[in-house]
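# Topology and contacts: notes
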Amino acid sequence: CVVPYVPDFLSLSGFNILAGVVDDFYDKVSGAMTGRPRPGILGLLVSHYHSNINDCKRSVHELELQLQVLKDKHLLHPKVKILQPYVRRSASVAESTNAHLPVCLHDEKSIGSYDYYELSTTFLKHLELFQ
């Protein structure tokens, strides 16, 4: 799984719950999943990020701390990480969702398109660690 994360307290709380649910899911269905790898969270992508707002920076830092706690509890894969770059808040991303289009088709020259392109490259490199 790749989990989107909006840098705020509710997302952090929800992520903690989700990590436990994903782990419990495997325990409940493991008998039916013979020969398959254990499902897990491979990465997190930060969206709606404002670099000039301290709350965003603090929320991402809290997420980093929580990742370590969840790794120590074996609820997350040891190689899970927050993927870079963070997707910055932009009007083009919001407009693209209202237009029912990916931002790269809605406004290919926007910062949202750039961020998602760079993020997809990072994600593919990160995914190779798990194969």
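What you see is a predicted model; the values in this text were computed from it and never measured. (Residues numbered from 1 in each chain as written. Predicted model: local features only at pLDDT ≥ 70, side-chain atom pairs only at ≥ 80, totals over all residues. Heavy atoms only, no water.)

### A look at helix 1 (residues 9–29)
Compared with the 30 Å implied by 1.5 Å per residue over 21 residues, the 31 Å span of helix 1 between its first and last C-alpha is a close match. Along helix 1, the residues classified as buried are Leu-12, Phe-15, Ala-19, Gly-20, Val-22, Asp-23 and Tyr-26. Angularly, the buried residues of helix 1 cover 145° about the axis, an arc narrow enough to put them on a single face. Facing away from the buried surface of helix 1 by more than 90 degrees, the exposed residues are Phe-9, Leu-10, Ile-17 and Lys-28. Those residues of helix 1 that are buried lie in contact with strand 1 (2–5), strand 2 (43–46) and helix 2 (54–72). Regarding helix 1, its N-cap is Asp-8, as a side-chain oxygen of that residue lies 3.4 Å from the backbone nitrogen of Leu-10 further along. (Helix = DSSP H or I, 4+ residues; strand = E, 2+ residues; numbered from the N terminus. Expected span 1.5 Å × (residues − 1). Buried < 20%, exposed > 50% of the residue type's maximum accessible area, 1.4 Å probe, protein only. Arc of directions from axis to C-beta. Contact = heavy atoms within 4.5 Å. Polar contact = N/O pair within 3.5 Å; in protein donor to acceptor, adjacent residues only side chain to side chain.)

### Regarding helix 5 (residues 111–127)
The end-to-end C-alpha distance of helix 5 is 24 Å, a good match for the 24 Å that 17 residues give at a rise of 1.5 Å each. What helix 5 keeps buried is the set Gly-112, Ser-113, Asp-115, Leu-119 and His-126. Each buried residue of helix 5 sits inside an arc of 155° when the element is viewed along its axis, so together they form one side. Of the exposed residues in helix 5, the ones pointing more than 90 degrees away from its buried face are Tyr-117, Leu-124 and Lys-125.

### Quick word on the nonpolar core
Phe-15, Ile-41, Leu-44 and Leu-76 are the most contacted members of the largest nonpolar core, which has 19 residues in total. Elements represented by at least two residues in this core include exactly strand 1, helix 1, strand 2 and helix 2. Counting residues per element, this core draws most heavily on helix 2, which supplies five residues. Among residues more than four places away in sequence, those in contact with Leu-76 are Phe-15, Ala-19, Ile-41, Leu-67, Leu-70 and Lys-71. (Core = buried A, V, L, I, M, F, W, Y, C linked by side-chain atoms within 4.5 Å.)

### Here we look at the pairing of strand 2
Burial of the side chains of strand 2 extends over both faces: Gly-43 and Leu-45 are buried on one face and Leu-44 and Val-46 on the other. As judged from the four bridges shared by strand 1 and strand 2, these two strands associate in the parallel manner. If you follow Val-3 over to strand 2, its bridge partner there is Leu-44. The sheet contact formed by strand 2 and strand 3 (residues 81–83) spans three bridges and is parallel. Its bridge partner lying in strand 3, Leu-44 is registered against Ile-82. A crossover links strand 2 with its parallel partner strand 3, the connecting element being helix 2, and its sense is right-handed. (Pairing = 2+ DSSP bridges. Right-handed = clockwise from strand over helix to strand, strands pointing away.)

### Examining unusual backbone geometry
The peptide bond linking Gln-84 to Pro-85 adopts the cis configuration, its omega dihedral lying at -5°. Assignment of secondary structure puts Pro-85 in the loop between strand 3 and helix 3 (91–98). In the Ramachandran plot, His-48 falls in the positive-phi region, its phi being about 60° despite a non-glycine side chain. The exposure class of His-48 is partly exposed, given its relative accessible area of 36%. With a phi angle near 60°, His-100 is a residue other than glycine that sits in the positive phi range. Along the chain, His-100 falls in the loop between helix 3 and helix 4 (103–106).

### Side note on the layout of surface pockets
Counted as a void, the largest pocket has a volume near 200 Å³. Residue composition of the lining of the largest pocket, grouped by class: seven nonpolar, three polar and two charged. (1 Å grid on protein atoms, 1.4 Å probe; cavity = no way out; pocket = protein on both sides within 12 Å on 5 of 7 lines; lining within 4 Å. Points joined across faces, edges and corners; volume = space filled by probe spheres on them. Nonpolar A, V, L, I, M, F, W, Y, C, P; charged D, E, K, R; others polar.)

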